[in-house]
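Topology and contacts: notes
The primary structure of each chain is shown beneath.
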Amino acid sequence: MLNGSLVVFLTVLLPFVVGRFWAYQLGLYGLYAAAAVGLGLCWGQAGFLPLGQALFFGFAAYLSGFAFIHFLDHPVIAVVMLPLAALAAGLLAYVIGILIFRRRGESGAYFSMITLALALLGFQVATSWNSVTGGFDGLKNIPGIPGLDDISSVYDLSAGVLLLMLALCRWLRHAPVGVLWRALAQNERRLLLFGFDTNRLKAVAFGVSGLMAGVAGAIYAPEQGIVTPELVGFGLSADLVIWTAIGGRGSLLGPVIGTLVVGSLSSQLRDSFVYWEVLMAIFFIVVVLAFPQGIVGLTAPLEPYFAARRRLREPITVSPRAAPERPALLAIDAATVTIGDVTLLDRLSLCFNRAGIYCVIGPNGAGKTSMFNLITGELDATAGKVMLDQVEVSGLEPHCITRRGLARKLQIPSIFPDLAITDNLAIALWSGRASGLALLDPRLRRWKSPMLDELCRRYPFLADAGRRAAALSHGERQILELAMALLTEPRVLLLDEPCAGLSPDETATLIDALRWAVGQLRGAIVIIIEHDMAVVKELAQRIYVLHNGGLLAEGDVAAIQASDKVRAVYVGAEK
Amino acid sequence: MSAPRLAFDDVTGGYGSTMIVRGASGAVSPGEVLCVLGRNGVGKTTLLKLLFGFLPCRTGAIRFDNCPLGALAPEMRRRIGMTYCPQERPVFDDLSVHDNLTLTRADRRLESFRPYFARFPVLESRLRQHAGTLSGGEKKVLSFVRGLAEDQPLVLLDEPSEGVQWENILEMEAAIKEKTAQGAAFIVVEQNLAFAERIADAYLVMDQGRAVLAGVRATMDRARLLAHLHV
Amino acid sequence: MDPLVLTQAINVVYGVSTLAAVTLGLAVIFGLLGVLNIAHGEFVMIGAYAAFVAQWAGWPFLAAVPVTLLVCGLLGYVVERILIRPLYRRPFDTLVATWGLSLLLREAAKAIFGRGYHSLTIPVPGTLHFLGTEYPTYRLILIAISLTVVTGLVVWYSRSRTGTWIRAMIGNPELAQAQGISVRKLASATFVTGTCLAGLAGIMVAPLVPIEPYMGLDYVLRAFFVLVVGGLGSVLGLFSGAAVIGGVNSVISAVANATYGYFTMLVLAILVMWLRPRGIVAQR
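These figures come from a predicted structure and were not determined experimentally.

Calculation criteria
Think of each chain on its own: its residues are numbered from 1, step by step along the sequence as written. Lettering for chains starts from A, numbering for ligands starts from 1, and both go in the order in which the items are written. Local features in this predicted model are restricted to residues whose pLDDT is 70 or higher, and side-chain atom pairs enter the listing and the counts only when it is 80 or higher, whereas totals over whole chains, interfaces and linings include all residues. Strands here are runs of E lasting at least two residues and helices are runs of H or I lasting at least four, both read from the DSSP assignment and numbered beginning at the N terminus. Two things to know: the radius of gyration comes from C-alpha atoms, and the globule rule equals 2.2 Å times the number of residues to the power 0.38. Exposure is read from a count of other C-beta atoms within 10 Å of each residue's own; the residue is exposed at 12 or fewer, buried at 20 or more and partly exposed in between. C-beta atoms are placed from the backbone. Working definition of a contact: two residues with C-beta atoms, positioned from the backbone, lying within 7 Å. Strand pairing is assigned whenever DSSP identifies at least 2 bridges connecting the two strands. Note on geometry: axes are lines fitted to C-alpha atoms, helical ones only across the stretch in contact, with angles between N-to-C directions running from 0 to 180 degrees. Polarity classes work like this: nonpolar for Ala, Val, Leu, Ile, Met, Phe, Trp, Tyr, Cys and Pro, charged for Asp, Glu, Lys and Arg, and polar for all others, with Gly in that last group. Only buried residues count toward a nonpolar core: Ala, Val, Leu, Ile, Met, Phe, Trp, Tyr and Cys, linked into one set through C-beta atoms within 7 Å. Here the bounds of each domain stem from an automatic or database domain assignment. Here roughly perpendicular refers to angles of 65 to 115 degrees, roughly parallel to angles under 35, roughly antiparallel to angles over 145, and oblique to all remaining angles. By definition, turning the near helix anticlockwise from the far helix through less than a right angle yields a left-handed crossing, and turning it clockwise yields a right-handed one. The span one expects for a helix is its residue count, reduced by one, times 1.5 Å. Residue-level confidence of the predictor is summarised by pLDDT, bounded by 0 at the bottom and 100 at the top.

What follows concerns the overall build of chain B. In terms of helices and strands, chain B carries nine helices and ten strands. For 231 residues, the compact-globule estimate of 2.2 N^0.38 gives 17 Å, and chain B sits close to it at 17 Å. Projecting the C-alpha coordinates of chain B onto the three principal axes gives extents of approximately 45 × 40 × 35 Å. Per-residue burial for chain B yields a buried fraction of 49% across its 231 residues. Long-range pairs, those at least 24 residues apart, make up 68% of the contacts in chain B with a sequence separation of at least 6.

Here it is, written out as structure tokens:
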């Protein structure tokens, strides 16, 4: 990240270098850039793309313009209305986010389309509600902010707003919530299974972006003196997306640079050169497909020279979660799951009533992973129920169930590849320990726990702060995901083929780690789906054999080996 | 013994970064049945997917009639003479049984299936039904008939007997023997040892992604075989 | 029946059937390939401009058909190869890429034809005496063509060999490949079909709407909401989605104004997204 004070210095210097005309131009585009910063937050961090971002810019602009015109004689009231207008835009965005992201499953495309439609709706309202918005002509002759109403202060005002937004965005990106946004863009399911309400996280990101657009829009009205329907509509929304993409959506300054460079160039060239916009469209497609880092990505080799020195701070040790008074109790009661014509689970009843390691085996399609999906709430029971500590949990949202002390390792190692290993682990530490406003506190990035210390001692690669998780081998990913599940210190731990794809040596160390971890998690129930019989024999206190969605047999290793029913399923029988 | 129809040597591969099959080798000659045995999850299905080109081989080589297959796409492997009947989702659920059988036949006629209908009369009685309404075993029979009727030199079957009634399993055995007599080669993944013992000329036993045991049926040590199959 | 009510009723039928025709191309691409082509509206726009060019050059109206098929077909083919194929399993990236494409086509139209509106003379003028009321002949023809094209396509899809292959590819792509069907070629052909259908719909509506570079936006949004409401993959869904979106929109717009109509459509789509994520006609 570019050094903060350098950015401030350049901002102060710029008007002296480029002259008054360009300073005025850049002042206008500085406000658009503030909105683009918010768009970058949604797209580059949280991984969803609002196509109608101008709605919030224009909404706040109309509100503040209206306030300034109607409180002409009481400029103080009007100034008070500025932050309120911005807040209203942020709130609008948050509510829209909550409404749209509520849809279960893939919502990215739906979100983009609906925000696009909302911007068009906003444009229609702005042009047709003449009495309030002034129709096509918009609101004119809006008085300026007292003391800041001459031409030369346009740059100062915009630059101030922009720097403020950049500071806000920088803080959010650095805070735990920023890590969670980047995490959910990469692997939403994994985050959900750590008990985070991903829909709300996305809505918050959208709300913040709406707030940023709102601040810029609220300042725009008194600064420019006019608000027209174009500010709400499709054109500006599209421009913001293009600028953000070309500048570089993933970085803090990318959207700003994109807006200032492409935006002000466009204002000069779009009328004299007919094919300018066509060129920009082609440029946009190329950037999206081939250079997702945009212009700023080109400066990556220079980064070490400008990067702010990271101060090493003392880690903060969080205490282990309080040991539960009673051991966990998990029961599946006559659960049936059908999807369409397919029955995944058929009146399955299982009871895990003592702490310890249970193994679940069975042929392909027996319903093992479906059983885990049922427990974590990702599959709904058609009939029957799941009880955790004598409370029915079936029917709850997955993140609510996992918050009750459930952790799961997925079959294919599921981590956040583009995050540092340490951030992967930090997310697991936050799971169940931090929520709400605490996620804004950057100190949480320094958390560690006794369990983490021990895991790092056993697997030194986990302490490698500079490395991204994507660089890990398959075996290391399996370990990382297991470590993440353990760090939540769960009462119920579900492991889906933890040894799949591991070499015999890796399997041996994994078994060793599992044994140690289970000793640490006092009172916990550990359920392992495993094909490797060596692992099962080594670990299982009790084995359940599933077949065709139901329970075929249960017992210790010897009982299962002696069972004729199990033999018939595994070796086949003549009948 | 003639030159192998299909030979694979030191094949390694899997999904993404997960290597499921590690260095498996084997071969099957015209007129022969190679049975791949092992518990579930040891990589049998993955091996067939590697052989048919659905998954890329990380290492190793596959040769069909002595010609290296490289990264040839599955639809091209079908065109040079390979047939594949998958274990899961063996048929097109949304199509009728008739359409399932004649999908790639220009004339859409059922004449060539008559001998199979004699073996498996259940299919003929269900021609108009959607394949999705068939039972698991009936789907397997449909998939089996579709595969054999393609009359290809090499057939890959993934657990053809799963859920199938014993009488129909015996009919499958007879149909396979008929084809091998005409020179076709089979690679059959099986869980059902009784069926495998009736059809196999050779075994390849897998455990933990590796081929741990191989040999012709007659000389195979049954106790060792069972040790790799049972829990 | 009161002739005024009857005229209104035919108006609704007209609105719904043209909306279904405009949606068809998007339904093919989104429903069959899972690709949300935001540039769908711009392919409709290309058809409309083709009709404009045909009239401007003095050709017969139907000359726009081969022009559109050529332009939309070629463009669809190239776009599928360059933008869609590398991104089949990344729906979000396809969304952004087709959004860029829509931008490009719109700006290209602006550069070539200018920002202003164009309008066409209606190729079949006059009215027809229909069920006791006078109704514009061209609109009646449009209703007939829309219904024929949609039903024809559906019948072809369920009966023809290629249709069966497409169904096989969608239901079980791996097995289709195992049986020698080239999934890539088939997907490419399906995409081209979708873009061509969009272009044809554009020709049909061209004489009745102002032709301008931004016209595609409204079409793609409406078509998208039809699919949200009606669900993917069935004719019944397509028509019921078109009926709800088109019907609500025209009724509310007539009673109140267009803004309310648009707003209601949006609220309705969001409600359906929550309550019936697979559309109003899908079984749970």
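Here the narrative resumes.
What follows deals with the sheet that holds strand E3 (residues 33-37) of chain B. All names here are of chain B. Taken together, the six strands give an open sheet; going across it, the order is E6-E7-E8-E3-E9-E10, and neighbouring strands pair in mixed fashion. Two strands close off the open sheet at either side, each with one partner strand: strand E6 (82-85) and strand E10 (210-216). Strand-to-strand twist across the sheet, computed as the mean angle between neighbouring axes with direction ignored, equals 15°. Seen against the sheet, helix H1 (residues 44-52) touches E3, E6, strand E7 (154-158), strand E8 (185-190) and strand E9 (202-207) and runs at an angle of roughly 150° to E7.

Where interface size is quoted, it is often the accessible area lost as the parts come together. Contacts between the two partners involve 34 residues from chain A and, on the opposite side, 27 residues from chain C. Broken down by secondary-structure element, the contributors of at least two residues to the side of chain A that touches chain C are helix H4 (75-101), helix H5 (108-128), helix H11 (234-247) and helix H13 (276-290) of chain A. Per-element accounting of the side of chain A that touches chain C gives the leading share, 13 residues, to H5 of chain A. Across the side of chain A that touches chain C, the residue classes tally to 24 nonpolar, five polar and five charged.

This brings us to the sheet that holds strand E11 (residues 542-547) of chain A. All names here are of chain A. Taken together, the six strands give an open sheet; going across it, the order is E7-E9-E10-E4-E11-E12, and neighbouring strands pair in mixed fashion. Each end of this open sheet is capped by a strand with a single partner; those strands are strand E7 (406-409) and strand E12 (550-555). Strand-to-strand twist across the sheet, computed as the mean angle between neighbouring axes with direction ignored, equals 20°. For E7 and strand E9 (residues 492-496), the ladder comprises four bridges, and the chain directions are parallel. The partner of Ala407 across the bridge, within E9, is Leu493. Across the sheet, helix H16 (residues 368-375) touches strand E4 (356-361), E7, E9, strand E10 (525-529) and E11, and the angle it forms with E9 is around 150°. In the packing of helix H20 (residues 474-487) onto the sheet, the strands contacted are E7 and E9, and the crossing angle to E7 comes to about 175°.

Another point: the nonpolar core. Considering soluble globular proteins, one finds that nonpolar side chains tend to be buried as a cluster. All names here are of chain A. Residues Ala34, Ala60 and Ala216 are the most contacted members of the largest nonpolar core, which totals 364 residues. Mapped onto the domain boundaries, this core takes at least three residues apiece from domain 1 (4-235) and domain 2 (330-416 + 492-571). Apart from residues no more than four positions distant in its own chain, Ala60 is found in contact with Ala85, Ala86, Ala88, Ala89, Gly214, Gly217 and Ala218.

Let us now look at the interface of chain A and chain B. Listed by partner, the interface residues are 22 residues for chain A and 23 residues for chain B. If you list the elements that add at least two residues to the side of chain A that touches chain B, you get helix H23 (557-562) and helix H24 (564-571) of chain A. Ranked by residue count, the leading element in the side of chain A that touches chain B is H24 of chain A, at four residues. Here the side of chain A that touches chain B is composed, by residue class, of ten nonpolar, seven polar and five charged.

Here the focus is the environment of Leu63 of chain A. Residue and element names in this part refer to chain A. Looking at the secondary structure, you find Leu63 in helix H3 (residues 54-70). Take Leu63: there are 23 C-beta atoms within 10 Å of it, and that puts it in the buried class. Along the backbone, Leu63 and Ala46 are 17 residues apart, and their C-alpha atoms lie at a distance of 28 Å.

Turning next to the domain arrangement of chain A. Residues and elements named next belong to chain A. Partitioning chain A into domains gives domain 1 (4-235) and domain 2 (330-416 + 492-571). Look at where the C-alpha atoms of domain 1 and domain 2 centre, and you get two points 48 Å apart. With ten residues of domain 1 at the contact, the number on the domain 2 side is eight residues. Taken together, the elements giving at least two residues each to the side of domain 1 that touches domain 2 come down to helix H8 (176-186) and helix H9 (188-193).

Residues and elements named next belong to chain A. Summarising burial for E11: five of the six residues are buried, a large majority. Two elements, E4 and E11, share four bridges in a ladder whose sense is parallel. Considered in E11, the bridge of Tyr358 is made with Arg542. When E11 meets E12, the two strands line up antiparallel, connected through five bridges. Across the sheet, His547 pairs through a bridge with Gly550, a residue of E12.

This next bit is on the packing of helix H2 (residues 20-46) of chain A against H11 of chain A. Residues and elements named next belong to chain A. Viewed as axis vectors pointing N to C, H2 and H11 meet at an angle of 70°, and their least axial separation amounts to 9 Å. Taken together, the axes of H2 and H11 lie roughly perpendicular to each other. Considering the relative orientation of H2 and H11, their crossing is right-handed. Between H2, through Tyr32, Ala35, Ala36, Leu39, Gly40 and Trp43, and H11, the contact on the second element is made entirely by Leu240, Val241, Trp243 and Thr244. The residue makeup of the contact of H2 with H11, split by class, is eight nonpolar, two polar and no charged.

Another point: helix H10 (residues 235-255) of chain C. All names here are of chain C. When the terminal C-alpha atoms of H10 are compared, their 29 Å separation across 21 residues agrees well with the 30 Å that a helix rising 1.5 Å per residue should span. Here H10 has its buried residues at Gly237, Leu238, Phe239, Ser240, Gly241, Ala242, Ala243, Val244, Ile245, Gly246 and Asn249. Of the surrounding elements, those touching the buried residues of H10 are helix H1 (3-33), helix H9 (215-230) and helix H11 (258-275).

What follows covers the confidence of the model for chain A. Looking at chain A as a whole, the pLDDT averages 87, with 96% of positions reaching at least 70. Mean pLDDT across the elements of chain A ranges from a minimum in helix H15 (residues 303-306) of chain A, with 63, to a maximum in H8 of chain A, with 94.

Moving on, we get to the confidence of the model for chain B. In this model, chain B carries a mean pLDDT of 90, and residues with pLDDT of at least 70 account for 99%. Predicted as a complex, the structure gets a pTM of 0.88 and an ipTM equal to 0.90.

Take unusual backbone geometry next. Despite not being glycine, Ala334 of chain A has its phi angle at roughly 45°, a positive value. Along the polypeptide, Ala334 of chain A turns up in strand E2 (residues 330-339). On the neighbour-count criterion, Ala334 of chain A (13 C-beta atoms within 10 Å) is partly exposed. Positioned with a positive phi, Gln208 of chain B is a non-glycine residue whose angle comes to about 55°. Summarising the element assignment, Gln208 of chain B is placed in the loop between E9 and E10.

We now examine the pairing of strand E4 (residues 59-64) of chain B. Residue and element names in this part refer to chain B. With five bridges connecting them, strand E1 (residues 6-15) and E4 associate as antiparallel partners. Each bridged residue has a counterpart across the sheet, and for Phe8 the counterpart in E4 is Ile62. In terms of strand pairing, E4 meets strand E5 (residues 67-68) through two bridges, oriented antiparallel. Residue pairing in the sheet places Phe64 in a bridge with Cys67 of E5.

All names here are of chain A. Between its first and last C-alpha, helix H10 (residues 198-224) extends 38 Å over 27 residues, near the 39 Å set by a 1.5 Å rise per residue. Counting buried residues along H10, 25 of its 27 residues qualify, which places the element largely inside the surrounding structure. One or two positions beyond H10, positive phi appears at Gly225, with a value near 80°.

Angle between the axes and distance between the axes: these two values describe a pair of packed helices. Residue and element names in this part refer to chain C. Where H1 contacts H10, the two axes come as close as 8 Å, and the packing angle between them is 130°. In terms of their interaxial angle, H1 and H10 are classed as oblique. Classified by chirality, the crossing of H10 by H1 is right-handed. Contacts between H1 and H10 pair Asn11, Val12, Gly15, Val16, Leu19, Ala20, Thr23 and Ala27 from the former with Leu238, Phe239, Ala242, Ala243, Ile245, Gly246, Gly247 and Ser250 from the latter. Grouping the amino acids of the contact of H1 with H10 by side-chain chemistry returns ten nonpolar, six polar and no charged.

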